[in-house]
Structure formats: C-alpha cells, structure tokens
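Reading the structure
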Amino acid sequence: MLLTETTQSRAIMRVLDGEAVWPPPIWVMRQAGRYLPEYRAKRAEAGGFLDMCYNPDFAVEVTLQPIRRFGFDAAIMFSDILVVPHALGQNLWFAEGEGPRLDPVTTRADLAKLRERDPAEHLAPVFETLRRLRRELPAETTLLGFCGAPWTVASYMIAGKSTPDQAPARIAAYRDPEFMAALIDMLVETSIDYLTAQVDAGADAIQLFESFGAALSAPLLEPLSLTPMRRIVEGLKARRPQARVIVFLRGGGPNLAKLVEAGFSDAVALDWSLDLARVLPTLPPTLPTQGNLDPLALVAGGKALDEGVDAVLAAARGRPHIFNLGHGIVPQTPVEHVAQMIARVRAAQV
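Rules of the game
Residues numbered from 1 in each chain as written. Predicted model: local features only at pLDDT ≥ 70, side-chain atom pairs only at ≥ 80, totals over all residues. Heavy atoms only, no water. Helix = DSSP H or I, 4+ residues; strand = E, 2+ residues; numbered from the N terminus. Rg over C-alpha atoms; globule rule 2.2 N^0.38 Å. Buried < 20%, exposed > 50% of the residue type's maximum accessible area, 1.4 Å probe, protein only. Contact = heavy atoms within 4.5 Å. Areas by Shrake-Rupley, 256 points an atom, 1.4 Å probe, with all protein chains shown as cover. Lys, Arg positive; Asp, Glu negative; His and termini not counted. Charge placed at Lys NZ, Arg CZ, Asp CG, Glu CD. Phe/Tyr/Trp six-rings, centres within 6.5 Å; stacked < 30°, edge-to-face > 60°. Axes fitted to C-alpha atoms, helices over the stretch in contact; angles between N-to-C directions. Parallel < 35°, antiparallel > 145°, perpendicular 65-115°, else oblique. Left-handed = near helix turned anticlockwise from the far one by under 90°. Nonpolar A, V, L, I, M, F, W, Y, C, P; charged D, E, K, R; others polar. Expected span 1.5 Å × (residues − 1). Arc of directions from axis to C-beta. Pairing = 2+ DSSP bridges. UniProt positions renumbered as here; feature names shortened; annotations may be inferred. Polar contact = N/O pair within 3.5 Å; in protein donor to acceptor, adjacent residues only side chain to side chain. Right-handed = clockwise from strand over helix to strand, strands pointing away.

1. Points about the overall build of the chain
- Helix and strand counts for the chain stand at 18 helices and nine strands.
- Radius of gyration (C-alpha) of the chain: 19 Å, near the 20 Å computed for a compact globule of 350 residues.
- For the C-alpha atoms alone, the extent of the chain along its principal axes is close to 60 × 45 × 40 Å.
- Per-residue burial over the chain gives 59% buried out of 350 residues.
- In the chain, once contacts between residues fewer than 6 apart in sequence are set aside, the share between residues at least 24 apart is 73%.
- Carbon and sulfur atoms form 51% of the exposed surface of the chain, whose accessible area is close to 14,000 Å².
- The centroid of the 35 positive side-chain charges in the chain is displaced by 2 Å from the centroid of its 40 negative side-chain charges.

2. Let's talk about the environment of I158
- Mapped onto the fold, I158 is located in helix α10 (residues 150–159).
- Look at I158 and you get buried, because its relative accessible area is 7%.
- For I158, the contacting residues outside a window of four places in its chain are P104, V105, T106, P168, A169, A172, F179, M180 and L183.

3. Points about the packing of aromatic side chains
- Overall, the coordinates contain eight aromatic pairs when judged by the stated rule.
- Relative to F72, the ring of F70 has its centre 5.5 Å away and its plane inclined at 55°; by these criteria the two rings are tilted. We note that F70, like F72, is buried.

4. Quick word on the packing of helix α5 (residues 56–70) against helix α9 (residues 124–136)
- Where α5 meets α9, the closest approach of the two axes is 9 Å, and the angle between their N-to-C directions is 45°. As the angle between them shows, α5 and α9 are arranged oblique. Remark: the crossing between α5 and α9 carries right-handed chirality. Across the interface between the two elements, P56, D57, A59, V60, T63 and L64 of α5 pack against P125, E128, T129, R132, L133 and E136 of α9.
- Residue composition of the contact of α5 with α9, grouped by class: six nonpolar, two polar and four charged.

5. Some remarks on α9
- Under the 1.5 Å per step criterion, the end-to-end length of α9 is 19 Å for 13 residues, consistent within 8% with the ideal 18 Å.
- For α9, the complete set of buried residues consists of V126, F127, T129, L130, L133 and R134. Looking straight down α9, one finds that the buried residues subtend no more than 150° of arc, so they occupy a single side.
- Along its buried surface, α9 packs onto α5, α8 (119–122), β4 (142–148) and α12 (177–201).

6. Focus: the pairing of strand β3 (residues 99–102)
- Sheet topology note: the strand β2 (residues 92–95)/β3 ladder contains four bridges and is antiparallel. By the bridge assignment, W93 is partnered in β3 with R101.
- Hairpin remark: β2 followed by β3, antiparallel, with three residues in the connecting loop; positive phi at G97, about 80°.

7. A word on the sheet that holds strand β8 (residues 289–293)
- Judged by pairing direction, the sheet is parallel, and its seven strands sit side by side in the order β1-β4-β5-β6-β7-β8-β9 without closing on themselves. Pairing within the sheet leaves two strands with one partner each, and these edge strands are β1 (74–76) and β9 (321–325). Between one strand and the next, the sheet's axes are offset by a mean angle of 25°, whatever the strand orientation.
- Two strands pair when backbone bridges link them, and strand β7 (residues 267–269) and β8 are joined in this way by two bridges, in the parallel orientation. For A269, the partnering residue across the bridge sits in β8 and is Q290.
- Along the sheet, helix α13 (residues 218–239) makes contact with β5 (205–210) and β6 (244–249), crossing β5 at roughly 165°.
- Contacts from helix α17 (residues 302–316) reach β8 and β9 within the one sheet, and its direction differs from that of β8 by about 155°.

8. Some remarks on the UniProt feature "site: Transition state stabilizer" (unreviewed entry) in the chain
- Residues given the UniProt feature "site: Transition state stabilizer" (unreviewed entry) here are D80.
- Looking at the element boundaries, D80 is found in the loop between β1 and α6 (83–88).
- Judged by relative accessible area, D80 falls into the buried class, the value being 17%.
- Residues in contact with D80, not counting those within four places in the same chain, are F49, C53, F94 and F146.
- A polar atom in the side chain of D80 sits 2.8 Å from the backbone nitrogen of L82.

9. Structural notes on the pairing of β5
- Among the six residues of β5, six are classified as buried, and the element is accordingly described as predominantly covered.
- Judged by which residues are buried, β5 turns out to be covered on both faces: A205, Q207 and F209 on one side and I206, L208 and E210 on the other are all buried.
- Where β4 meets β5, five bridges bridge the pair, whose relative direction is parallel. Within β5, the residue paired with G145 across the bridge is I206.
- Since β5 and β6 lie parallel, the crossover through α13 that links them has a hand, and here it is right-handed.

10. Describing the side chain of T141
- In this structure, T141 sits in the loop between α9 and β4.
- Overall, T141 belongs to the buried group, its relative accessible area being 3%.
- What T141 contacts, discounting residues up to four positions off in sequence, is R10, I67, F72, D73, A74, A75, R134 and D204.

Printed below as a string of structure tokens:
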C-alpha cells in the first residue's frame, strides 16, 4: 500500500504523522463487541467466537457495525491476538463465559510441533476480511490491523489461559530462558509476516497490544517485551516503510519512559491509570499519543463521563493525539454513553 492523497487525508493517519488534529479523531478498543445489540445478534448467528474471526462475512459485518452506528474515525479489524498461536498449530477454543483456552506449550518439543503448520494459509480469512473492509469503509476511515506482542501471546500459550499475574510464563522465563527465547523468536518472526500481510491487504496502521507488560520485572522487561516489540516494528518497516504502528503497553506507567526512549513506535497508547495532564508534558511534543479515558467512566456516563472526556481533551490539546479509552470497552457499557462521549469529543471548541 502506497501513501495516497486519500490515505493522508484520514484524520488518524495525519495524527500518526505528527499533526495536531482538532478535535482529535476517535476510536475505541474493542469497539466491535458485546455492548452492541447488533453484535450480539450476529454472534448468536455465527455460533462461536472463532467462527466469527475466521469467517470474513461475519468479521466484516461486526467491524462495520460501530462505524455505521457512531462514525468512528478508525475501524479495527475483528479478530483476536490468539489467532497467531492457533495458526502455528496450538489448539485454541473459547469457553463461554471463561475466555480463551489453549493446550499449554511448555517445552522445546512443544515448540517444534508448532513449526509444522504454515500460518499464512490458516490466517488467509483475516487478510480477506481486511481486503473487504478497505473496499467497504468510508474513504476517510482509517483501517487498523493488530497483533499481540510476543510476551502477552507467550503468556497465554504457556499457561493455556489468562492468569492474574502471568506467573506460569514468568516462572518459565526464569527456569528455562532458552525455551522462552525460542518461543519469543518464533512469535517475532510470525508476527512480522502476519503484520506485513495485513498491510498488504489494506491496513493503514497497526496496533501492537502488550496487555501483560506490567507483570514483568525490570530484568525481564527489555528482553521479553521492549526488544521483541522493537524487532517486530523494525521488521515490518523494513518490508513496508509506510506502515504506522501504535504500541499499547498496558499498565506500563513506570516503564513509559523506557518505551518512549526506545523510539521504535510511531505512537504510544496510554492506559487509564495515567494522568495525562502530568504525563503528556514529559513526552516529546511531536510524539503521537492515544487514550486514555477510563472504560468505567464510560459505563457510568453522566457528569463523570463528561469530566473524563474534558480532562483528556484539555491535556491533549495542541499535540497529535487520538482519543480512545485506556483499555477495551466493557460489555455492560450503555450504547447511549458511547454516543455521549463521541458528541462531547466532536464538540470540542476549536
């Protein structure tokens, strides 16, 4: 994908290139999800979460639903970070009400078995979803692809599920660093291929999700999180220099300076725990940022929501910023509160 006049006119792409667009463009993490009645209806029709991810008819439809309803400035393709280990050959299923489950990978022998499958063939429906979305989205809407950062994905792969503190993966990193390094290397290489194909299929920009970065101790942060993410971004940009990458290090407040100093991302997404009024003045004024309304302020609505939106807008004014939540929208969010949030952002005084 070459940068065209249309691509450059998309508000989020302008922000990612360092322009302070006002009012700031807006999208929200997990904007295609269970808070929308039309999503719930489509999921019931599909029969299961993975059936939606791997069927472009369903994936395109649920990606477009929040664009039609709210007019967000970006659509993020409907998928999941765990399609990568699934594509490598790890058994994956979603238990209703319990989240993802995988057959744990804990040894080098387990890793050797994963290399027996070609991920690209398995992920072909994802790329078809992106191609269709690029054709069907409004010209001004940015199309986002994504994948999980290696440490976050590895944590699921080792434990076989989400854990409160990622203890199984952290123990593995200490007990068997060679195994962990081999797993991280596999995920880096696969992710570069995966994201390159996403860009080729029509993604304007990529978000890299390090959802579990806060669990890492200081000695493990660089080798298991920052360096693998750098390798992915640099590998992608070596192949597709036009690609733009947003890095989301959840719970990364204490490590934000390290992430910014590393300098490999085009933008950093900030979670809700950070005070933007204090944090943003410490960052380079031309560094694009994203965030960081508390998802529960969106659930609450009313005055709390208005004050939360206003605080983000006041802190971000005059710098390149994408309005977003500090993490994903939760299922109990009232639809009318999302409309309230968008209206308040759009009405920000020039």
